[in-house]
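Structural overview
As a plain string of letters, each chain reads:
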Amino acid sequence: MEQRMRVDAARNYVRILAAARAVVVHSGPDVALEQVASAAEVGIATLYRRFGDRGELLTAVALTALEDAERAARAAAADTSADGLTAVGHYLRSMVHSQAAAVVPMLLGRADVQRSALADAQERSANAVAALVDGAHADGSLSRRITAGDIGVLLVRLSRPLPGGLPVDVEHELQLRHLDVIVAGLAAVDGLTPDGPTLDDLGRTAGWA
């Protein structure tokens, strides 16, 4: 019985975080926590047993999104069958599916999100993306004018829902189509000037890189 309770608790934890990420992306971080619980198919009491308040929940959502970003970048970079730009495209596609790039910028500027708890994850994620982009520069498949900062901003713009309340499946199809357009454009870039921002630049100015 105790083992089953631990399994159920772990499952609920994962479901709450996944539901919170999706709900925050579409409704914003001030969404009612009852809506998050409903989307996770758990009771509000279960949510509060796992997360004491909104800030704790949103911090956990941001942390798991940053961890997903790091894993996606490292997995893409490890694919030796693809050139560097193709690997960047794989990373972008994984991030669109996970919605990680949509939710992180929403949360990092909030007073109730514990930035100190996210600092290491932010650094690891940024380093993994920078290494991925460096690989694409090194093999010549991506212009050195295109920086990791450019990739991050493009991803955030691509990941945010369009206005107008499109059906989720239509929204996702458009994201993937426009991702293909972006990757094709990156392959065709020649002589772009000036250089794009670095991740450090974005970190100083926006706080979410």
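Residues numbered from 1 in each chain as written. Predicted model: local features only at pLDDT ≥ 70, side-chain atom pairs only at ≥ 80, totals over all residues. Heavy atoms only, no water.

1. Looking at the overall build of the protein chain
Summing up its helical and strand segments, the protein chain has 10 helices and zero strands in all. Each helix (α) and strand (β) of the protein chain, taken in turn from the N terminus, gives the series α-α-α-α-α-α-α-α-α-α. By the burial criterion, 41% of the 209 residues in the protein chain qualify as buried. Partitioning the contacts of the protein chain with sequence separation of at least 6, the portion at a separation of at least 24 is 72%. Of the roughly 10,900 Å² that the protein chain leaves accessible, carbon and sulfur atoms contribute 53%. (Helix = DSSP H or I, 4+ residues; strand = E, 2+ residues; numbered from the N terminus. Buried < 20%, exposed > 50% of the residue type's maximum accessible area, 1.4 Å probe, protein only. Contact = heavy atoms within 4.5 Å. Areas by Shrake-Rupley, 256 points an atom, 1.4 Å probe, with all protein chains shown as cover.)

2. What to know about the pattern of salt bridges
In total, this model carries eight salt bridges according to the counting rule given. Across the pair Asp30 and Arg110 runs a salt bridge whose closest N-O atoms are separated by 3.0 Å. Remark: Arg110 occurs in the loop between helix H6 (100-108) and helix H7 (119-138) and Asp30 occurs in the loop between helix H1 (2-27) and helix H2 (33-40); sequence separation between them is 80 residues. Between Glu70 and Arg124 there is a salt bridge, and its shortest N-O distance comes to 3.3 Å. With Glu70 in helix H4 (residues 54-77) and Arg124 in helix H7, this pair connects stretches of sequence that are 54 residues apart. For Arg124, a relative accessible area of 34% puts it in the partly exposed group. (Salt bridge = Lys/Arg side-chain N within 4 Å of Asp/Glu carboxyl O.)

3. Section: the side chain of His137
Note on placement: His137 falls in helix H7. Judged by its relative accessible area of 10%, His137 is buried. Residue contacts for His137: discarding those within four places in its chain leaves Leu142, Ser143, Arg144 and Ile146.

4. Let's talk about the packing of H4 against H7
At their nearest, the axes of H4 and H7 sit 8 Å apart, and the two run at 25° to each other. It follows from the interaxial angle that H4 and H7 lie roughly parallel. Pair H4 / H7 crosses with left-handed handedness. Across the interface between the two elements, Leu63, Leu66, Ala69, Glu70, Ala73, Arg74, Ala76 and Ala77 from H4 touch Ala121, Gln122, Arg124, Ser125, Ala128, Val129 and Leu132 from H7. Each residue belonging to the contact of H4 with H7 can be placed in one class, and the counts come to 10 nonpolar, two polar and three charged. (Axes fitted to C-alpha atoms, helices over the stretch in contact; angles between N-to-C directions. Parallel < 35°, antiparallel > 145°, perpendicular 65-115°, else oblique. Left-handed = near helix turned anticlockwise from the far one by under 90°. Nonpolar A, V, L, I, M, F, W, Y, C, P; charged D, E, K, R; others polar.)

5. Looking at the packing of aromatic side chains
Pairs of aromatic rings are described using the distance from one ring centre to the other and the angle between the two planes. A complete count under the given rule lists one aromatic pair for this structure. Centroid distance Tyr13 to Phe51: 5.3 Å. Interplanar angle 20°. Geometry classified as stacked. A residue pair is termed long-range when its members are at least 10 positions apart, and Tyr13 in helix H1 and Phe51 in the loop between helix H3 (44-50) and H4 qualify at 38 residues. A relative accessible area of 29% places Tyr13 in the partly exposed class. (Phe/Tyr/Trp six-rings, centres within 6.5 Å; stacked < 30°, edge-to-face > 60°.)

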